Amino acid sequence: MRALVLTRYGGPDPGGGRAVGQPRPGARAGLGGAHGARPHTRHFKVPPGMRKVIPRYPLPAVMGNDLAGVVEACGEGVTRFAEGDRVFARVAKDSLGAFADYAAIPESLLARMPPSLDFETAASVPLAGLTALQALRDELELKEGSRVFIPGGAGGVGTFAIQLAKWLGAEVTTTASPRGRALVERLGADVVIDYTTQRFEDHVRDMDGVFDLLGGETLGKSFGVVKRGGKVVSIAGMPEPETARKDLGRGVALQALFWIASYRSRAEARRHGVSYRYLFMHPSGAELAELAQLVESGKLEPVIDRVSPFPEIGQAFAYLEAGRAKGKVVVRMN
Ligand SMILES: NC(=O)c1ccc[n+]([C@@H]2O[C@H](COP(=O)([O-])OP(=O)(O)OC[C@H]3O[C@@H](n4cnc5c(N)ncnc54)[C@H](OP(=O)(O)O)[C@@H]3O)[C@@H](O)[C@H]2O)c1
């Protein structure tokens, strides 16, 4: 089968697309023909100094986080899915494997695709949709009347986050350039700040929470726009001890390292009387099924920027890394 294979970490990867052996569905796993898969970043974004402690995938590794496809065979113990089911998934965090003609996925991570979606659109949902759901509902605990700031709302995660925050009943403030304004307004953003001409920190205040998608300077300034007792959740800043404990299931050594790495963010958070959390999302078939229901009921619309055929995956990565995507970039495998 064809697959995108990672053969080394950091710098240009000579691996690229190649033929590899087809995976077998083990216990509780379905084997799917992957029709659409979504690229994430080509070089793993690991904070400086963290490369050795965050588990690396054994190489060579088939890359890719999300997929949608048809179940072609089921391993022993699979009870909820059968051959022919149209499914989608965010693959296991410790294995990847979506950029391939076939992938073996644990049953617990699979959900049935929303019937109204094609494979490409369905493949755009898992990673970004689950990340937004977990950040907004579980970590920020948004509810009716909450006020949330989502900097960078026009991208892959942001387009899901705006809609899910509205579904939870929150008032949403976001930032976008003129290129993304119409999109974020259509998705329901209540207040849109043009980050190319305005400083959000001059206009945003007393938020209950921030869902930071940009990290860096944006994260640093976000602590000041939240009211005391509020929360800042980032997926692009520095991991903190809870990331090691809750998201990675690791012990005190990594917690201590993340304590040091996140020192500045946590100090800023303390200064403003708010909490700081770096979320590393987790795959979940059950939560993906909730997202599928939201799509089917018309409450959640996956936004696709472009679909690239597999031989052009390099260009798709380059486009994604340029940071201008409006919604999601998807790779078609067949
Ligand atoms: N921790 C986790 O579990 C997890 C999970 C998923 C993603 N992530 C990370 O989350 C981050 C966001 O991912 P993504 O897929 O949403 O990114 P993306 O799709 O590449 O975001 C691109 C969008 O960001 C906008 N943008 C760029 N700079 C901006 C700024 N200064 N202010 C406001 N908007 C800006 C761009 O708008 P313009 O073109 O209009 O400028 C573009 O629409 C990435 O760092 C990704 O690695 C982490």
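Residues numbered from 1 in each chain as written. Predicted model: local features only at pLDDT ≥ 70, side-chain atom pairs only at ≥ 80, totals over all residues. Heavy atoms only, no water.

Engineer: What exactly am I supposed to notice about the overall build of the protein here?
Structural biologist: When helices and strands are counted, the protein shows 10 helices and 16 strands. When each of the 334 residues of the protein is scored for burial, the buried share is 53%. Accessible surface, the protein as shown: approximately 14700 Å² in total, 52% of it carbon and sulfur. (Helix = DSSP H or I, 4+ residues; strand = E, 2+ residues; numbered from the N terminus. Buried < 20%, exposed > 50% of the residue type's maximum accessible area, 1.4 Å probe, protein only. Areas by Shrake-Rupley, 256 points an atom, 1.4 Å probe, with all protein chains shown as cover.)

Engineer: Just checking my understanding: could you explain the environment of A316 for this structure?
Structural biologist: Here A316 shows up in helix α10 (residues 313-321). Judged by relative accessible area, A316 falls into the buried class, the value being 1%. Once the C-alpha coordinates of A316 and R306 are considered, the two residues, 10 residues apart in sequence, prove to be 8.5 Å apart.

Engineer: I tried to follow the sheet that holds strand β12 (residues 207-212) on my own but got confused; where do I start?
Structural biologist: What links the strands of a sheet is backbone hydrogen bonding, and the strands pair in either a parallel or an antiparallel sense. The parallel open sheet is built from six strands, whose spatial order is β11-β10-β9-β12-β13-β14. In this open sheet, the two edge strands, each paired with only one partner strand, are β11 (191-194) and β14 (275-278). Strand-to-strand twist across the sheet, computed as the mean angle between neighbouring axes with direction ignored, equals 15°. Across the face of the sheet, helix α2 (residues 126-139) comes into contact with β9 (147-150), β12, β13 (226-234) and β14 while running at roughly 155° to β12. (Pairing = 2+ DSSP bridges. Axes fitted to C-alpha atoms, helices over the stretch in contact; angles between N-to-C directions. Contact = heavy atoms within 4.5 Å.)

Engineer: Could you clarify how one ought to interpret the site of the ligand in this entry?
Structural biologist: Close contacts around the ligand come from 24 residues, with S177, Y195, R324, A325 and K326 the closest. Between the ligand and Y278, the relevant distance is 3.2 Å, taken from a nitrogen atom to a side-chain nitrogen or oxygen of the residue. Between an oxygen atom of the ligand and a main-chain N or O atom of M281, the distance comes to 3.0 Å. Here the ligand has 940 Å² of accessible area as a free molecule, and 86% of this is covered by the chains. The class makeup of the residues in the shell around the ligand is 12 nonpolar, eight polar and four charged. (Near = heavy atom within 4 Å. Polar contact = N/O pair within 3.5 Å; in protein donor to acceptor, adjacent residues only side chain to side chain. Nonpolar A, V, L, I, M, F, W, Y, C, P; charged D, E, K, R; others polar.)

Engineer: Can you help me understand the nonpolar core in this one?
Structural biologist: Across soluble globular proteins, you tend to see nonpolar side chains buried next to one another. With 49 residues, the main nonpolar core has F88, L136, V148, F211 and L291 as its most contacted residues. No other element matches α2, which puts seven residues into this core. Membership of the second largest hydrophobic core comes to 17 residues, among which are F99, F310, L320 and M333. (Core = buried A, V, L, I, M, F, W, Y, C linked by side-chain atoms within 4.5 Å.)

Engineer: What should I look at first to understand the side chain of S284 in this one?
Structural biologist: Mapping S284 onto the fold places it in the loop between β14 and α9 (285-296). Residue S284 is classed as buried on the basis of its relative accessible area, which comes to 13%. At 3.4 Å, the side chain of S284 and the backbone nitrogen of A286 are in polar contact. When residues no more than four places from it in sequence are discounted, the contact partners of S284 are S108, L109 and L130.

Engineer: Quick question: what am I supposed to make of the pattern of salt bridges here?
Structural biologist: Note that side chains of opposite charge can pair when their charged atoms are close. Per the stated rule, a full pass over the model turns up 22 salt bridges. Between D85 and R112 there is a salt bridge whose closest N-O contact spans 3.1 Å. With D85 in the loop between β5 (66-74) and β6 (86-90) and R112 in strand β8 (residues 110-112), this pair connects stretches of sequence that are 27 residues apart. The class of D85 is buried, set by a relative accessible area of 18%. With its nearest N and O atoms 3.0 Å apart, the salt bridge here joins R332 to E120. Placement of R332 in strand β16 (residues 328-332) and of E120 in helix α1 (residues 119-123) is noted, with a sequence separation of 212 residues between them. One connected set of salt bridges, linked through shared partners, spans E139, E240, K246, D247 and R277. (Salt bridge = Lys/Arg side-chain N within 4 Å of Asp/Glu carboxyl O.)

Engineer: Looking at this structure, I do not really get the side chain of T159. What am I missing?
Structural biologist: Structurally, T159 is set in helix α3 (residues 156-167). Given a relative accessible area of 1%, T159 falls into the buried group. Excluding residues that lie within four positions of it along the chain, T159 makes contacts with G153, A154, L183, L187, V303 and G327.

Engineer: Sorry if this is basic, but what is going on with α9 here?
Structural biologist: Because each turn of an α-helix spans 3.6 residues, side chains separated by three or four positions in sequence point in the same direction. Here α9 is 12 residues long and its end C-alpha atoms lie 16 Å apart, about the 16 Å a rise of 1.5 Å per residue gives. Regarding α9, the residues found buried are G285, E287, L288, L291, A292, L294 and V295. Along α9, the residues classed as buried sweep out an arc of 165° about the axis, all on the same side. Summarising the geometry of α9, the exposed residues directed more than 90 degrees from the buried face are A286 and Q293. At its buried positions, α9 is contacted by β6, β8, α2 and α3. (Expected span 1.5 Å × (residues − 1). Arc of directions from axis to C-beta.)

Engineer: Whenever I open this one, a nonpolar patch on the surface confuses me. Can you help?
Structural biologist: A surface patch of nonpolar side chains, about 350 Å² in accessible area, is lined by W259, I260 and Y263. By secondary structure assignment, the location of W259 is in helix α7 (residues 252-261). (Patch = residues over 30% accessible without salt bridge, like charges linked within 9 Å, V, L, I, M, F, W, Y side chains within 5 Å.)

Shape descriptors only; they carry no functional weight alone.
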